[in-house]
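Here is what each chain is made of, one letter per residue.
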Amino acid sequence: MLKENLDKVFNEIKNGNNLGEPITLVGATKTISADVINQAVEYGLRVVAENKVQEFREKTDLIVGAKQHFIGHLQTNKVKYLVGKVELIHSVDSLHLAEEIDRVSKNRTVRQNVLVEINVGGELSKSGLTFLNAKEEVQKIIALCPNICVKGLMTMLPNTDDQDYLSSLCKKMRELFDDLKSINADFTYLSMGMSNDYKLAINNGSNMIRLGRTLFGERNYGEKK
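Here is what the cut-offs are and how they apply
Residues numbered from 1 in each chain as written. Predicted model: local features only at pLDDT ≥ 70, side-chain atom pairs only at ≥ 80, totals over all residues. Heavy atoms only, no water. Axes fitted to C-alpha atoms, helices over the stretch in contact; angles between N-to-C directions. Helix = DSSP H or I, 4+ residues; strand = E, 2+ residues; numbered from the N terminus. Parallel < 35°, antiparallel > 145°, perpendicular 65-115°, else oblique. Left-handed = near helix turned anticlockwise from the far one by under 90°. Contact = heavy atoms within 4.5 Å. Nonpolar A, V, L, I, M, F, W, Y, C, P; charged D, E, K, R; others polar. Buried < 20%, exposed > 50% of the residue type's maximum accessible area, 1.4 Å probe, protein only. Arc of directions from axis to C-beta. Core = buried A, V, L, I, M, F, W, Y, C linked by side-chain atoms within 4.5 Å. Salt bridge = Lys/Arg side-chain N within 4 Å of Asp/Glu carboxyl O. Patch = residues over 30% accessible without salt bridge, like charges linked within 9 Å, V, L, I, M, F, W, Y side chains within 5 Å. Areas by Shrake-Rupley, 256 points an atom, 1.4 Å probe, with all protein chains shown as cover. Lys, Arg positive; Asp, Glu negative; His and termini not counted. Charge placed at Lys NZ, Arg CZ, Asp CG, Glu CD. Disulfide = S-S within 2.5 Å.

Undergrad: Any details on the packing of helix α5 (residues 134-144) against helix α6 (residues 163-181)? Residues and values, ideally.
TA: Closest axis-to-axis distance for the α5/α6 pair is 11 Å, and the angle between their directions is 40°. Between α5 and α6, the angle is such that the two are oblique. The interaxial crossing formed by α5 with α6 has right-handed handedness. Every residue of α6 that contacts α5 at A134, K135, V138 and Q139 is listed here: L176, D179 and L180. In terms of residue class, the contact of α5 with α6 is made up of four nonpolar, one polar and two charged.

Shown next, in the form of structure tokens:
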């Protein structure tokens, strides 16, 4: 089933997004064993990502042949476990967090790739910069944190069946992404779209999607290793 799931998604994204850009598929591997992750890599998955720092630490050395990202909420006291060890941190949701990543990166003489998380739906239950101030805040992070490289933006869309509303949010994110990309050469990724909304997201400008259930099936939360 894993191979069939992957092949289905690869086929869906082979022509890129609505702008013709290639799409990076990120496998969200929360609760998925390293053996299953490595199987997915054999079937063609090139990027995998964890939600929790502890799980990343347990599995990182066991995964072969894939780039590793971090996509979950990140506390400043756990930054030290990720800097220089993950290809990309998707979830930089404040200047405070960016400054800590910058500090640790400087100490380790590395430049950490990150995405800045935007709370495009203005949901109280979600992290991220408010959309209204996002452009100024992203530029502030870039200016004040020379030891991180902001590669783009990430968002989590609201959980709603209102397709028109979701499309409008995606378009807002894409406009913000393009605006910032025009003044920041490092901007590459708009990470937007998960298992329940990735098709809509790539039809509205996303070029990176984060899929867990669609690839690996329903998660078994009783078994975390």
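Further notes follow.
Undergrad: Talk me through α5; I want residue IDs and the actual numbers.
TA: All of the buried residues in α5 are A134, V138 and I141. Summarising the axial view, the buried residues of α5 lie within an arc of 60°, below the 170-degree limit, and thus occupy one face.

Undergrad: Kindly report on the nonpolar core, identifying the contributing residues and their values.
TA: In this structure, L74, I101, I118 and L153 are the most contacted members of the largest nonpolar core, which totals 40 residues. Ignoring anything within four residues of it in the chain, the contact list for I101 reads L74, V79, V83, I89, V92, Q112, V114 and I148. Counting 20 residues, the second-largest nonpolar core is a separate cluster that includes I13, I23, I63 and L211.

Undergrad: Quick one: what's the story with the pattern of salt bridges, residue by residue and with numbers?
TA: Scanning the model with the defined rule gives 12 salt bridges in all. Residues D179 and K135 are paired through a salt bridge, measuring 3.1 Å at the closest nitrogen-oxygen approach. Placement of the pair is D179 in helix α6 and K135 in helix α5, with a sequence separation of 44 residues. Look at D179 and you get partly exposed, because its relative accessible area is 32%. Assessed through its relative accessible area of 27%, K135 is described here as partly exposed. One salt bridge in this structure joins E137 and K140, with 3.4 Å as the shortest N-O distance. One end of the pair, E137, and the other, K140, are both in helix α5, three residues apart, so they sit about a helical turn from each other.

Undergrad: Describe a positive patch on the surface, and please don't skip the residues or the numbers.
TA: A surface patch of like charges, here positive, comprises R57, K80, K85 and R108. Within the secondary structure layout, K85 lies in the loop between β3 (67-70) and β4 (88-92).

Undergrad: Help me get a handle on the packing of helix α4 (residues 95-107) against α5, residues and values and all.
TA: Contact pair α4 / α5: the axes reach a minimum separation of 10 Å and the direction vectors enclose 20°. Overall, the two elements α4 and α5 adopt an arrangement that is roughly parallel. Helix-helix and strand crossings are classified by hand; for α4 and α5 the assignment is right-handed. Counted together, L95, A98, E99 and D102 of α4 and K140, I141 and L144 of α5 form the full contact between these two elements. Residue composition of the contact of α4 with α5, grouped by class: four nonpolar, no polar and three charged.

Undergrad: I'd like a rundown of the state of the cysteines, residues and numbers included.
TA: Here a disulfide denotes a covalent bond joining the sulfur atom of one cysteine to the sulfur atom of another. Per the counting criterion, the structure on display carries zero disulfides. Of the cysteine sulfurs around C149, a residue in no disulfide, the closest is that of C145, at 12 Å. Of the residues examined, C149 reaches a relative accessible area of 5% and is grouped as buried.

Keep in mind that these numbers describe shape and distance, not what the molecule does.
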